[in-house]
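Report on the structure
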Amino acid sequence: MPIRVIVVDDSPLMLRLISRALNEDSDIHVVATATNAHDARTAIKIHNPDVVTLDVEMPKMNGIDFLEKIMRLRPMPVVIVSTLTDAGTETAVRALGLGAVECLAKPESGNAQATFGRLREIVKAASKAKVKPFQDQKYRAPSSDFKPSNKIISIGCSTGGVEALSEVLKTFPENCPPTLVVQHMPAAFTATFARRLDGLVAPHVCEASEGAPLAIGQVYLAPGTSCHLQLRRGRDGLVCRLDASDAVSGHRPSVDILFNSVAELIGKRAVGAVLTGMGRDGSAGLLAMRQSGARTIGQDADTSLIYGMPRVAHELGAVERQLPLSKIGPELIRLCAKQNKENAAA
């Protein structure tokens, strides 16, 4: 049975383009369209769709307010299709934090075909997502008695990763180990996402820059779609390297690229984790990390919005332990603690 989709956008042109692109796939059927939240709410009640695509900049009730109502009262997979304006990126990242499955930038002239092909893939994955009701999460500062060792954390995530990564980093103390993160998302969104995280968690979060030295209490987020993030040795220690080489398995940045560099340079001094996401990016790299002596964690099926990347990593033998999302952050920190006997023996 085809995936039933409602398309919501205040632009009649975008409604036609998105609907036509989705209907080109026999596994997808657009059952209704709407140009505002009121009509969208009515369409949802009538058609009970599997997935909603949503523009966040709409008249009257904006997409964020509408999304929050959906996720609180009638949770369902929502894919954000947003413009790349400053306001649009800020709102889109907020939407992902509310529980939207994925965010896709509206196509520019010349790349519409690639964008809509990606949208069809995302809608199919979203239809299988494990969406939960949105609940306000009260931030509780983690314990400050953590004593860091010389270990480094690397994390990879994709679809559903905005919410998952936020939950993991909220458990990190202010003096957490240097942490490198690859999250698949459009380039225009990562700076906004880094700022959002920086205001939510105890460590400092920033977009990674070329040559940035790794430091205690710092989380480095790979710039989206513009370059790969790697670990390399600098004159005075380990630093970030940004590599603008071609995409790997369709991804730039690639989790595999990051994990492979970590495995090669520091081996058992590393701890790696693969969180929710589509596809298999990160599985081979996490295996290389485990084979080099690093500790490795994968998010379990029950708490993954999309159990794709962690599933492949687990099946490949790359995951030492599968854990629910709520336990991943504390376990990463435990494995990096100076007083940990396992670390002393490593």
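So, here is what we can say about the structure in this document. (Residues numbered from 1 in each chain as written. Predicted model: local features only at pLDDT ≥ 70, side-chain atom pairs only at ≥ 80, totals over all residues. Heavy atoms only, no water.)

Position of Asp 55 among the secondary structure elements: in the loop between β3 (51-54) and α3 (63-73). A polar contact is formed between the side chain of Asp 55 and the side chain of Lys 106, at a distance of 3.3 Å. Among all residues touching Asp 55, those that are not within four sequence positions of it are Val 8, Asp 9, Asp 10, Gly 63, Val 81 and Lys 106. (Helix = DSSP H or I, 4+ residues; strand = E, 2+ residues; numbered from the N terminus. Polar contact = N/O pair within 3.5 Å; in protein donor to acceptor, adjacent residues only side chain to side chain. Contact = heavy atoms within 4.5 Å.)

Taking burial as the measure, the nine residues of helix α6 (residues 161-169) include seven buried ones, the bulk of the element. Within α6, burial applies to Gly 161, Val 162, Ala 164, Leu 165, Ser 166, Val 168 and Leu 169. (Buried < 20%, exposed > 50% of the residue type's maximum accessible area, 1.4 Å probe, protein only.)

Read across the open sheet, the seven strands follow the order β8-β9-β7-β6-β12-β13-β14; overall the sheet is parallel. One side of each edge strand has no neighbouring strand; the edge strands of this open sheet are β8 (204-207) and β14 (321-323). Strand-to-strand, the axes of this sheet are offset by a mean angle of 20°, without reference to chain direction. Judged from the four bridges that link them, β8 and strand β9 (residues 218-221) form a sheet pairing that is parallel. If you follow Glu 207 over to β9, its bridge partner there is Leu 221. Docked against the sheet, α6 engages β6 (152-157), β7 (179-183), β9 and β13 (295-299), running at close to 155° with respect to β6. Against the sheet, helix α7 (residues 187-200) makes contact with β7, β8 and β9, and its axis sits at roughly 175° relative to β8, the strand it touches most. (Pairing = 2+ DSSP bridges. Axes fitted to C-alpha atoms, helices over the stretch in contact; angles between N-to-C directions.)

A separate point is empty space enclosed by the protein. For the structure shown, the criterion picks out one cavity of 30 Å³ or more. Here the largest cavity is characterised by a volume of approximately 60 Å³. By residue number, the principal contributor to the lining of the largest cavity is α6, which donates three residues. The residue inventory of the lining of the largest cavity, partitioned by class, reads five nonpolar, five polar and two charged. (1 Å grid on protein atoms, 1.4 Å probe; cavity = no way out; pocket = protein on both sides within 12 Å on 5 of 7 lines; lining within 4 Å. Points joined across faces, edges and corners; volume = space filled by probe spheres on them. Nonpolar A, V, L, I, M, F, W, Y, C, P; charged D, E, K, R; others polar.)

This brings us to α7. For α7, with 14 residues, the first-to-last C-alpha span of 21 Å sits near the 20 Å given by 1.5 Å per residue. Taken residue by residue, α7 has Phe 189, Thr 190, Thr 192, Phe 193, Ala 194 and Leu 197 as its buried positions. (Expected span 1.5 Å × (residues − 1).)

What follows is about the pattern of salt bridges. Where charged atoms from two side chains of opposite charge approach closely, those side chains can pair. Summed over the entire model, instances satisfying the criterion amount to 13 salt bridges. Between Lys 124 and Asp 27 there is a salt bridge, with its nearest N and O atoms 3.7 Å apart. Of this pair, Lys 124 sits in helix α5 (residues 112-126) while Asp 27 sits in the loop between α1 (12-23) and β2 (28-34), and the two are 97 residues apart along the sequence. Owing to a relative accessible area of 42%, Asp 27 belongs among the partly exposed residues under this scheme. (Salt bridge = Lys/Arg side-chain N within 4 Å of Asp/Glu carboxyl O.)

As a further point, take a positive patch on the surface. On the surface, a cluster of positive charge is made up of Arg 41, Lys 45, Lys 69 and Arg 74. Looking at the secondary structure, you find Lys 69 in helix α3. (Patch = residues over 30% accessible without salt bridge, like charges linked within 9 Å, V, L, I, M, F, W, Y side chains within 5 Å. Areas by Shrake-Rupley, 256 points an atom, 1.4 Å probe, with all protein chains shown as cover. Lys, Arg positive; Asp, Glu negative; His and termini not counted. Charge placed at Lys NZ, Arg CZ, Asp CG, Glu CD.)

Further remarks concern the nonpolar core. The nonpolar side chains of a soluble globular protein tend to be buried, and buried together. With 62 residues, the main nonpolar core has Ile 80 and Leu 332 as its most contacted residues. Considering every element that reaches this core, the biggest residue donor is helix α11 (residues 325-336), with six residues. Excluding residues within four positions of it along the chain, Leu 332 makes contact with Ile 153, Ile 155, Val 168, Phe 172, Val 271, Ala 273 and Ile 297. Residues Leu 214, Ile 266, Val 274 and Leu 286 belong to the second largest nonpolar core, which totals 27 residues. (Core = buried A, V, L, I, M, F, W, Y, C linked by side-chain atoms within 4.5 Å.)

Next up on the list: the pairing of β13. Burial analysis of β13 places five of its five residues in the buried class, the great majority of the element. Burial along β13 is two-sided: the face carrying Arg 295, Ile 297 and Gln 299 and the face carrying Thr 296 and Gly 298 are both buried. On the question of chirality, the crossover connecting strand β12 (residues 270-274) to the parallel β13 by way of helix α9 (residues 283-291) is right-handed. Relative to β14, β13 runs parallel, the two sharing three bridges. When the sheet's bridge partners are listed, Ile 297 is paired in β14 with Arg 321. Handedness of the crossover joining β13 and β14 through helix α10 (residues 309-316): right-handed. (Right-handed = clockwise from strand over helix to strand, strands pointing away.)

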